[in-house]
Structure formats: structure tokens, C-alpha cells
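# Report on the structure
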Amino acid sequence: MADVLTITINGKEYEVGADVGATTRLASYLKELGLYGTHTTCYEGGCGACLAVISSTDPATGNVTTKAVNSCLVPVLSCLGSEVTTIEGLGNKHDGYHVIEQRLREYSGTQCGYCSPGMVMAMYGLTQSQSSWTKEEVEQHLDGSICRCTGYRPILDAFKAVTTQDIEDIHTVKCPSTGRACQGCCTSTKNKERRERPQQRQPQTLRLQASNWQQPATLQELYDAVSALPPDAEYTLVSGNTGQAVYSLGSISDYIYTRNVPELSTVIVTQDEVTFGANVCISEVMTNMEAAASTYSGFSYLSQIAQTWRYLASTSIRNMSSWAGNLALKAANPDFPSDIFIGLLAAGATITTAGTDGVTANHTVEELVKIDLKGERQVILRLSLAPVGEDEVIRVFKITPRLTNSIAYVNAGFRLRVDQANAHTVLDTPIIAYGGISSTFVRASATEAVLAGKSLEDETVLQAAFDALATEVIPDDMPTLASPEYRLALTQNLLYKTVLGIVGSIADPTVASGATDLQRPVSSGQHTYDLNTDIYPLGEPVPKVEAAIQCSGEAQYVGTTPTQPGELYGLFVTSTQANARIVSIDASAALEVPGVLAFVGAADIPGENNIKVFSDSKPELLFPEERTMFYGQPLGVIVATGRSAASAGQRAVKVTYDDIQSPVLTIEEALKEPLPPDQGFPFVEGDVQAGFAASAYIIQGAVSHDSQYHFHMETQVCLATPTDIGMDILSSTQWVSETQRAVGQVLNIPDNTVNVSVKRIGGGFGGKIDRCNIVAAAAALAAFKVNQPVRISLDLGTNMTAIGWREPFLCTYKVGVDEAGVLQAVEATLTSDAGSWSTPNSSQGAIFCLPSCYNCPNWLVTPQYVLTNTAPNTACRSPGTVEGITFMENIMDHVADVLGVDPLELRQKNLLPDGGIRKLNQHMIRIRNRIAAHEMVNIPEDIIVPRNLISDMIDEMKVSADVDNRRALITQFNQENRWKKRGLSVMPMLWPYWLGPVTPFSAMVSINPRDGSVSISHGGTEMGQGINTKTAQCAAYELGVPLEYVSVMPTNTHTNPNSSITGGSTGSDVASYVVAEACKMIRERLNAVQEAIGEDVPWEELVLTAFNQGVDISQRYVNGVDEVKGYSVFGVACSEVELDVLTGQYLILRTDILEDVGRSLSPLVDLGQVEGAFVMGQGLFLTEHPLYDVSTGQRLTDTTWNYKPPMALDIPVDLRVTFLHNAPNPLGVLSSKVTSEPPLSLAYSLVMAFRQALNSARQDAGATGWFQIDAPLTVEKLEGLCLVDPSRLTLQ
Ligand SMILES: Cc1cc2nc3c(=O)[nH]c(=O)nc-3n(C[C@H](O)[C@H](O)[C@H](O)COP(=O)(O)OP(=O)(O)OC[C@H]3O[C@@H](n4cnc5c(N)ncnc54)[C@H](O)[C@@H]3O)c2cc1C
Ligand code: FES
Ligand code: FES
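The name recorded for the chain in an unreviewed UniProt entry is Aldehyde oxidase, from Cherax quadricarinatus. In the Sequence similarities (unreviewed entry) part of its UniProt record, the chain is described as follows: "Belongs to the xanthine dehydrogenase family." A UniProt comment under Subcellular location (unreviewed entry) is attached to the chain, and it reads "Peroxisome".

### Here's the deal with the UniProt feature "binding site: [2Fe-2S] cluster 1" (unreviewed entry) in the chain
Under the UniProt annotation, "binding site: [2Fe-2S] cluster 1" (unreviewed entry) lies at C42, C47, C50 and C72. The named residues occupy 31 residues along the chain; their greatest pairwise C-alpha distance, 10.2 Å, places them in one compact cluster. With respect to the element layout, C42 can be found in the loop between helix 1 (26–32) and strand 3 (51–57). Residue contacts for C42: discarding those within four places in its chain leaves C47, L796 and T1200. Position of C50 among the secondary structure elements: in the loop between helix 1 and strand 3. Among the residues examined, C50 registers a relative accessible area of 2% and is labelled buried. The residues contacting C50, other than those within four sequence positions of it, are T38, H39, T40, V69, N70, S71 and C72.

### Considering the sheet that holds strand 22 (residues 596–601)
Two strands in a sheet stick together by hydrogen bonds in their backbones, pointing the same way (parallel) or opposite ways (antiparallel). Across the sheet, 8 strands lie side by side as 22-23-20-30-27-28-29-40; this open sheet has mixed pairing. One side of each edge strand has no neighbouring strand; the edge strands of this open sheet are strand 22 and strand 40 (1051–1052). Bridging between strand 20 (residues 568–574) and strand 30 (residues 790–793) involves 3 bridges; their strand directions are parallel. Paired with G570 across the two strands is I792, which belongs to strand 30. This element, helix 25 (residues 772–786), spans strand 20, strand 22, strand 23 (634–640), strand 27 (717–722), strand 28 (727–731) and strand 30 of the sheet and lies at about 30° to strand 27.

### Focus on the pattern of salt bridges
Summed over all chains, the structure comprises 44 salt bridges. Between K160 and E139 there is a salt bridge whose closest N-O contact spans 2.7 Å. Residue K160 is found in helix 5 (residues 153–160), and its partner E139 is found in helix 4 (residues 135–141); the two are separated by 21 residues along the sequence. We classify K160 as buried; its relative accessible area is 17%. By relative accessible area, E139 is classed as buried at 3%. The partner of K612 in a salt bridge is E620, and the shortest N-O contact between them spans 3.2 Å. In the salt-bridge network here, residues are joined through shared partners; they are R395, K497, D517 and D1140.

### What to know about unusual backbone geometry
A cis geometry characterises the amide bond from Y536 onward to P537, with omega recorded as 10°. With respect to the helices and strands, the residue P537 is situated in the loop between strand 19 (524–528) and helix 19 (547–551). With an omega dihedral of 5°, the bond running from A1271 to P1272 counts as a cis peptide bond. Within the chain, Y152 stands out as a residue other than glycine whose phi angle is a positive 75°. Tracing the sequence through the fold places Y152 in the loop between helix 4 and helix 5.

### Quick notes on a negative patch on the surface
Taken together, the side chains of D335, D476, D477 and E485 make up a negatively charged region of the molecular surface. Relative to the assigned elements, D477 resides in the loop between helix 16 (459–472) and helix 17 (484–503).

### Quick notes on helix 36 (residues 1163–1183)
With 21 residues, helix 36 ought to run about 30 Å at 1.5 Å a step, and its terminal C-alpha atoms sit 29 Å apart, in line with that. Burial of helix 36 is extensive: 21 of the 21 residues sit out of reach of the surface.

### Side note on the packing of aromatic side chains
Following the criterion strictly, the structure yields 25 aromatic pairs and no others. Ring centres 5.5 Å apart and planes at 20° place the aromatic pair W213 and Y257 in the stacked group. Here W213 is found in strand 7 (residues 212–214), whereas its partner Y257 is found in strand 9 (residues 254–257), with 44 residues between them in sequence. In this structure W213 comes out as buried when scored by relative accessible area, which is 0%. Among the aromatic side chains, those forming a connected cluster through ring pairs are F397, F414, Y434 and F441. Across the ring face of W805, the terminal group of R1195 is positioned such that the distance to the ring centre comes to 3.9 Å.

### Points about the environment of C1134
With respect to the secondary-structure elements, C1134 resides in strand 42 (residues 1127–1140). Separated by 112 residues in the primary sequence, C1134 and L1246 place their C-alpha atoms 8.5 Å from one another. Excluding anything up to four places from it in sequence, C1134 contacts M957, A961, V963, R966, L984, S985, V986, R1150, T1151 and D1152.

### Topic: the site of ligand 1
Inspection of the region around ligand 1 gives 36 residues, with S239, T242, G243, S322 and D339 positioned closest. N241 has a polar backbone atom sitting 2.9 Å from an oxygen atom of ligand 1. Computed on the free molecule, ligand 1 has an accessible area of 980 Å², of which 96% lies beneath the protein chains in the complex. Residue composition of the shell around ligand 1, grouped by class: 17 nonpolar, 15 polar and 4 charged.

### Notes on the UniProt feature "domain: FAD-binding PCMH-type" (unreviewed entry) in the chain
Look at the UniProt record and you will see "domain: FAD-binding PCMH-type" (unreviewed entry) annotated at residues 206–390. Structurally, residues 206–390 is divided into 36% helix and 20% strand, and its ends, taken at the C-alpha atoms, are 52 Å apart.

### A short note on helix 9 (residues 282–295)
Here helix 9 is 14 residues long and its end C-alpha atoms lie 20 Å apart, about the 20 Å a rise of 1.5 Å per residue gives. I282, S283, V285, M286, N288, M289, A292 and A293 are the residues of helix 9 that are buried.

### Quick word on the environment of E592
Along the chain, E592 falls in helix 20 (residues 588–592). Taking the relative accessible area as the measure of exposure, E592 reaches 64% and is therefore exposed. When the C-alpha positions of E592 and A652 are compared, they lie 9.1 Å apart, and in sequence the two are 60 residues distant.

The rules behind the values
Residues numbered from 1 in each chain as written. Chains lettered and ligands numbered in written order. Predicted model: local features only at pLDDT ≥ 70, side-chain atom pairs only at ≥ 80, totals over all residues. Heavy atoms only, no water. UniProt positions renumbered as here; feature names shortened; annotations may be inferred. Helix = DSSP H or I, 4+ residues; strand = E, 2+ residues; numbered from the N terminus. Contact = heavy atoms within 4.5 Å. Buried < 20%, exposed > 50% of the residue type's maximum accessible area, 1.4 Å probe, protein only. Pairing = 2+ DSSP bridges. Axes fitted to C-alpha atoms, helices over the stretch in contact; angles between N-to-C directions. Salt bridge = Lys/Arg side-chain N within 4 Å of Asp/Glu carboxyl O. Patch = residues over 30% accessible without salt bridge, like charges linked within 9 Å, V, L, I, M, F, W, Y side chains within 5 Å. Areas by Shrake-Rupley, 256 points an atom, 1.4 Å probe, with all protein chains shown as cover. Lys, Arg positive; Asp, Glu negative; His and termini not counted. Charge placed at Lys NZ, Arg CZ, Asp CG, Glu CD. Expected span 1.5 Å × (residues − 1). Phe/Tyr/Trp six-rings, centres within 6.5 Å; stacked < 30°, edge-to-face > 60°. Lys NZ or Arg CZ within 6 Å of the ring centre and 35° of its normal. Near = heavy atom within 4 Å. Polar contact = N/O pair within 3.5 Å; in protein donor to acceptor, adjacent residues only side chain to side chain. Nonpolar A, V, L, I, M, F, W, Y, C, P; charged D, E, K, R; others polar.

See the structure below:
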């Protein structure tokens, strides 16, 4: 690159090197600069982890605007002349933290902390783009940021607590770039206070290695640039550069960056016309639409459109995206369900384009998208909107699988001129347009013709319109879209909604509310818990010990560990056949690619081709040798100097297959084949046949739950570095001991040469218990072969395809009850899909959880698993437990339905009495204890539940959540509304916490004699669950020092050897115990020294004296047999939902959770676990829907585009969490109970609440009786279960 260019980041200028090309994104560039605080997860605009803030000058006005943007999509070259602020530009531990970081820390808004820098930057962007902000705007600004850990509640609360005064006071913070008190001169200040930098004229053309980047500054320069391109040039205009995340650009030779052209950024709002230049970003368009709507008559329709666009992408994407880029995408890809297109079509917008000769032409949006813009070298210049008459109605809709950051299943735009006084007659041909139907369908012209000139009050006209839609709307059948049936139904229902809105009070009051969309109010939360001040700092509600460095991006993860000298890049080569024989893997062409050093496959393994160690006795291949078992299976690793060389090498590897078999993808298909031989054993109690004989009712049914991606924000990653001793492994592992052995086993080197460390991981949820060893062993093998450090960091797509998820489950059941509804017998089979390998499966554990808190004399619950051609499934937060517990709730609902009794009363009638017996899950205990390398003996069969707290907890919930009153109100609401329904449920839970006699965790505690500070380490992994905070609190309590004296060191196989899995809620629990025990032993020795001194001396003096006397002031501790015990965890949730029957969309109005946490070791940590687990469960039960290509077995849901965990605007509007009052746990560690997993099951209360709402909707449709609800209960399923038929879409 000839020109020397600079980019300003956090007030510092960086020279842009020759390696920066047109496709280099800001996020990658920041890493190259050593700015690791900006995290990345998806690289496609879908997660918000990578947010940065950019201040740039509007070429039209000269004003500086500052906005949060997704740095994974921002081209570095588009930042020339702008100022970039990254998380490093805010605060840090040396100079003090920014107020936003402080608030996030104080409100416990971080768990694993991987999303935290992005969250902070989202909020920072808001505070820099506006001088004041509302709570609603704070919530809206998090619409593109995923947090898998916290459930969002504390993040929302933290940011709502940031005031304008806080931001004004920022001047007291030391400036990271000058080192002096902030003067408001660079990036940490508002626009108005920014130092004006002289704008340098950038060179117009940059000739890069692979392509050209032009950046015209005038319209004429733009025309000239386009016209000068060779006829065959593959060019693109670059505005926000977000389009390539939607549709790949392919290979491009010329990039023309248009954002410096003033005419394309103009905004004009007058009473006659509103116009926007092509580059005006969607956020700014929306702001000006709202302004026009509230200022000038005839523009009120713009507000409705802007409101719908709030659900277009996310705030940061809208900050970058131009409306013109969106329309250009639509023009090039007719199947794109563009919200901009639909909105502007309904609005009757005029679009002006120009050819390279500067000659302009006006088009409707429908005309525009038929133009081959690139082929005809047309540039979009502006759009114009006119006021509309009072008789004109414009309405737009967007129906999505999740409220925010989702592409529409169907969007719709309606424009009708109506003579209200004349029976609401449609005066001329209306506009009825839909997106998301097919690549050819836009206007429902036959339906438009039916309505033209007709009265909307005439029911026959409406029915004719619905018939016309049924004929002309033929939705494409695409596996990642909602079904054609649902999308057709939406076209009819949305038209009906529009008509209801127009005719208003003409319609019967029971149907009138069908007109409105659900409006989500600003959300809120409440926490109630005991303050056990007598034991502080144990039990003190403190923020997590590493929260500050997480919020500031200083916290280091494996993936953000700085690059090592000579470090190489490893990329998996994966299978494209799910079930085939591998004939050959030919990497010869790959090895010719410059930068590629090696292909590493099964043949390179010096040891065992087996990554399984403690968790299963069956070997699991690192790389397959004969057959593939699933699509996306790692076959080997390409090792290269960088990512692009590795990608090119990966593409060049030729894999040949034969004997290609059709993949088996579901439990139902797999059940047609014989079961694998090593099935589990049933849980039997009493005699079910006798129980059925004594039953008045026998009820049978089935229910299933689908899989769930863990969605840890940090994908699987390992850095393997050969050392003089052996191999250093930095792995995102939940189990260092197993990773150590797996690497040793594959490399055939002794364990004492494999040094595995982990400081923290960006979320695990079970996905990194042993699945991490696929990556760790592969990285170690590659490093071993090339004798250089190799890092493998999976991209999101590979992480979602190569690594297994939660096991899908099917439960078939038969239950007998007497006349009064008392359980007599439960017989069930729980079938899990283990994927292509049983690793092991959790069906055996699930069967023991099925009884939950209920009593029944006769049980026969059989586990079984099947194998499918999918990635080996694995533990995912509360594996087996959540299935067992929630299947039983389904059974209880089924019984209540058949008997016609109140579901809550039925549950209360069947509760396990105090002193009742639960079967212990011996199998699970054996697995957990494999680390001890011997089979467990003498595991008890039963566990006694001394007190079933549920009965009291239900009573408490009934009062605190005002259950009876709210149910009465809901009944009334449902009678009065046909198209909106509400439901309320109360769900109890007994979550069995199982722990084997030998569940070893080691702790190491050392006191530093010169200052009295305390260092601890333990064998668990900090992954957001707060293990470090809890153990630090235990240490401080037992030693009698302030919490600030304690620091937690990374986990390492040498200092904390032979520790068990950090999973199944055991990690925090046992690690807290062993740390406390080690501290007690030190304290005892110190007490002796204290006694000898004869008087109370300060801690520092005491430890120094002890040290000088030769007393050991450090201690290891490992828990022995049966030291830490299991028990039952109780919880009750009450959820209320509101359902839009016509669309399936909903609001979770309120959830109350009463959780038994014993005496909490750390209430803020535990609250975070409860809220986070609940929201993760919400995703499992409602939105997260895995999909496969049935012919190839490819997992289709491998991006943020088509996999939808809940986001901040999905969680319960009102979420109240209470910890059971005064409930110390005599069996628990320091009287506590575990919290990481149990509350996930309580999210099933949402399905139960929806069942109530659906019951009412179905009754209106004339249907009664039980119906099966399989999870996830998506918007599509909800609408379908409501049995809406066009014939019922009436006004009366
Ligand atoms: C995560 C994410 C979520 C999204 N969600 C939605 C959604 O819910 N609904 C929705 O409708 N859209 C959605 N989008 C699409 C988004 O709105 C578009 O990507 C964006 O508007 C494109 O604008 P841009 O400025 O980034 O265009 P760019 O990416 O810069 O350009 C895109 C295309 O437009 C062409 N182009 C740009 N300017 C002009 C011009 N002046 N004249 C002619 N051609 C031009 C370019 O040549 C290029 O082909 C989403 C995008 C992302 C990344
Ligand atoms: S990494 Fe940029 S949005 Fe996900
Ligand atoms: S804290 Fe948000 S993803 Fe972990």
C-alpha cells in the first residue's frame, strides 16, 4: 500500500500496515495491536461481544456522531479519519474504572465476563450518542448483545443506574492516553466536548494487495470511480459493510467506500417531505421518522414504521447499516425478507438513483429492487416520503422467532385508504405486501383486488380476502424457516389484525384486542434474601472478585492470551458426510498453500487415538480412521502461519468417501433400529402393575425436549506450547485433570510432562467438561508434530457443528391415579439421543430425577439411549435432572387435565411426605468418581428427604405472588379476549444434588508473611459460576481477614492435581469446602501462635510471627471419602405469560422464583445463578430450536442467524427472586446449597403457563382435552396450538 494511513484508537494514532486489506475487520486488527479486551464470538454481528464505539464526522453537516458498532463487521479502512474507542479506552485497574464498568461490577452484571466488555461498550455508546437516556433506551441498547450467564437482569439494572451526572463526573477519571485527569479531550467524552481534530483529506484510492479501496469524497468522484471500473470488475459499494454478514460478497476486486460523500448523508425533514440520503443509517432514519411524526401532520405513520424497525437487527447494527444497503441487498437477493423494503413499500417511498453520468431517476421500492444495481452501475441517492391523508391507514408487522436481532419469519406492510363513514369501504386498490414468503412473492394482488371498493365491515368480504390469500400465497419450504403453513396463516392473521385496527369499535369487544401488538414495558427485578451479617464476609453480598477486570476487558481467557513467539494457527478439516467410509484424506494440495506447514491427522498420533479418560471407559477417537459418524466431524488439523493461510489450506484438503449411508438424526428414526447394547438399568419401586390395577384412571402420553447448544460465549480454545519438559496446555477446560490425561494419552507422554492450566473460561455449561479435549488434544498433537506453539480456537460455526449439545429426550409414560387424583403408579421410558457416541448419556440419571417432589408407591422408570449421526451430545447445565423433573410436571398437568382438577391442587395432594425416600443415582455418582480410578463400592441406594419443603414453599408463593387473585383476573381476561390469552402456573421442584463418596477437589492456600495477603487456588474452573468468589469468601471467613486480602490463582494440574469435574454444581460446593478446611488448619496453627503471644495482634503481625517461628502458613487440602454430602434442593416458580393468539408471539409478564439456597455463601453470586439458569431454561423450552438437513445430516442451526438464545428483551418483564428465609442446610458446605443448575428446571413453569393460555384459546376454537407440548415451544408451535382457522377471523 503506497499511502501511509493512520487510525486513531483510544486517542492514540496507529499506522495502518500493508497487511491491512479491504476485508480486514476492526476486531481482528485490534487483536493484532495487542488490544485483546474486545472479544469476538460470532463474527457476524449476532452476539454483540465485539462492540466498540466510533466517532466520525458527518460529511453533510460536519457534526461528529458517536455510536456503538460491531467491530467484527467494521472494515479497518472505514475507520480512517474516525476515532475508535475500545474497552481499553475506558478504565482499568491502574487508572480507575469507568462508571459504566463500576456499575456493572456493583450490580453483579458479570459471570464469565466474556460478554461484559461488549455490554459496557453498548452502554457507553448510548451515553456518548445522547445527552440523556431513558430506562427504555437502556434496554433497547442491549438488543444485540448475548449474555448466556446472567439472564440479563443485573446488566439491565446496572446500566439503568448510570446517570447523566455519572457521565459528567467522568472528568475525575485519569485519561488512559495522557495519564492526566480526564479533560474531555479525546474519546471518553461527549461529542460536544471532543477536541476537534483537523480532518485530513484521505487519498481517494488505496491499492491493496488483493483489491482496491476507493473512497470518493464527492458524488462526481463516486460516479467516476464506478464508471472507471473495468466491465468485468467484481465491485461493491461499501456503506456500513454489514450486508456481507447477510449474504456473502464472494470475491471482490474493487471496494468503493461511499460514506465520505456529503449528498448521501443528508437528512431533510419538512412538512411536505422527508428525505434521507443513501448512507443515512437506519438508527438515524428512525429518529428522524419519529421527529417528523410528532412535528408535522400526515407523517404519524412514520412512527409506526420506526417502532417496527426497533426489531430490525440490533441498535449497533442499525447504527452502521444504511437503508440503501438494505434495499440493495433485497435487489440482489429477492428472498431477503427486508424490513426496510416492506416498511418503505407500505409508506409509498420514492427512491432516487443515478447512473454514472449523474442522470437521476425515481422509482417505487418495488421498481427499485427489480434493478440490477451493480450491472447497471446505478447508485442509490436518496429516499423521499410524503405525508398521507387522514383516511389512509399504514400498518407494518414483523414476526420473528425471538423479539430482537432476528430476521422475520414473515413481515407485512398494509396501506389502505378507507371511507370510515361509509362502512369502512376501501376506496382504491390497497397495498398488501408480505416478506418471507418466497423469492418471487411481494404483493397479494388478488387479495388487494378482493378488498378494493369493498366494506371492511362485511364479513363475507373478509373471508373472500382470506381465501384469496390462501390461493396466492405459496410459501417456500425451507428447513431454516418456519413452516409454510404457519407463514400462510400469518399472512391471513396479520391482515385480520389490520382490519380490526381499522374498524375499531365496530368489532365485538372480545375480538378487538386482536388488533394490537404486544407492547413490552420496561422490565424490573426484585431480590429478597436474608442478610447473615454475623458471618460476613461469608454470605456477604459482594460482587465477584474478578468482576472489575472482566468489565474492563483486562481479564484474560485462553483465547485472549497474547500470541506466543512462533505461534501457529490450527483449523479443523471436517467431514461433509455424516455416515460414510473415508477412502482417503489428501492434503498434498493444502501443503502447497503458502503459509501452510502441516496437516495433522489420525496417522500422526503417537499414542492412543482416544480422548476419553475418566468420564467413560469406552474409547472415543480424536480423529476417525474408517468411517465418519456425523457431518462436521473433525478429521484432522491444518497448521498454518495465520488464519487465511489455514482457511485456504483447509479448503484444499480433498477427502474421498464411499459407502455413503443416509444419516439417522432423530430419536424416532433411531428407535427403528436395535438399541446399542450397553443400556442402563431401570429404577423400580413397588409394583406398577398392582398400582395400575388399583387406579381409577390410567393416562398415557409422550413428551419430548430437543437439544440445546451451550452457547458459551468463548468457543472451545486451546493453546499448546511444546516445552523442554513436555507440553504446556492452556485450555478452556472444565476439568484440567482429564485434559492432562487425554493429552498424555494421545501423545504417549507421561502426565507429569503435561502441564494444564486454566485461569477462567468464557462460559462452559458442561460443554467443556470433556468436549474441550477434542480441541486440546488436537492442538497438542499439532504442536507436537511441528514443535511450535499451536492455538486452535473454534469459530462459532465449527463449535456448533463439531461439538455435541444437550441430549434430546423423549419420554413415553403411563400413569395411574385413584378417584381423588392420588398417584398409584408411574411407568415411563426416558430415551436420550447420545449423538454418534455415548459420552456417556444422561438417561440413566434422568430416571432418578423423574419423581421430583412427588410421592407414588409404584415406579418403573426405564432409561435408554440411542445413537444418531450427530455430534456426540454431552452434559449441558442440569443434564438429566431438567428432563426428569420437567417430564414429571408434564405428567402432573396431564393428570390434572384428564381429571379436570386444579393442577396446583393435584400437585399439592401428591407431595412426598417428610422422611420420604428418593432413589440415589448411583450411575451418575460412578461417572463422577471415575477420577478416583476405581469403581465405587458401598454407594447407598436411597436418600432420605427429611423435610419436603415444597408444601410450605407453595403456600408462601401463593401469598407472595398473589396467585389466587391473579388467576381470577386471568380467567376474566381470557373470557373478554379471544385473541390475547394469559396463563399462570406454579411449578414445584425437588432437585437432587448427588455427590459420590469420593469427589476430590484440591485446594492450596498460602499466606504471604510480609504483607499478610492470602493466595488460594483450587481444582475447579472459574467459568462464571462464582467459584473464585465463594472460595475467597470462605477463606476470608475461616482465616478472619477481609475479603480484599484474598486472591485466587489459576487452576493448574500441578498445584491442584486430581480434581473432579467442575460440573453438576459440585465445583463451587466442594472447592469452597476444601478451601475452608485448608484455611481452618492454618488458622489453628495461627491460633496457637496467638495464644503464645498472649494478646491480640494484627493479622499481619501474627502471620509474620508465625512464619518467623517456622510455622507453615500454607496448606493443601483434599476432601476425603464422604466429607461433602448431597441433599435435595427445593424451588418453586410462578410464571405468568400473555400470548398473541394470532401470531404466537408473547410476553413473559412475571416470574417469581422461591429458591432454597440454604444459607447462601455469596448471595449476589447465587442470585446470578438463579436468574441465569432460569433464562437459559427459557431458551431451552421456548426459542432454541436445532435443525438439520435431513439428507446430509448437516446441522443447519450453526450461526446466530438461525439459533436464538434469549436476549435482554425476552426475559420476564417482572422477575422476582426470593431465597427461602432462614433455611440453613445442615448437610451443606457451611450450611449452603448449590444454585448453579437447579433453577433451570423452573423455566418449565413457562410451558405450564402457556398451557393454561392455550387451553383458553383452544376452548374458544371448540377444542378441549389434553394436547402434547414438545419443547421448544416456539412462536410457530404456539400459534398452531391455538387452532386459529381463517373462518374464525370475524368481527363479531
Ligand atoms: C446481524 C444483522 C442482523 C440484521 N437483521 C436485519 C433485519 O432484522 N431486518 C432487515 O431488513 N435487515 C437486517 N439486516 C440487514 C441490514 O439491514 C443490512 O445489512 C444493512 O442495511 C446493509 O446496509 P450497509 O450500509 O451495511 O450496506 P453494505 O453492507 O455496505 O452494502 C450492502 C450492499 O448494498 C450496496 N449498496 C450500498 N450502498 C449503496 C448505494 N448507495 N447504491 C447502490 N448500492 C449500494 C452495496 O454495493 C452492497 O452490495 C441485518 C444485518 C445484520 C448484519
Ligand atoms: S463477534 Fe461481533 S457481533 Fe458477534
Ligand atoms: S457473563 Fe455474559 S456471557 Fe458470561
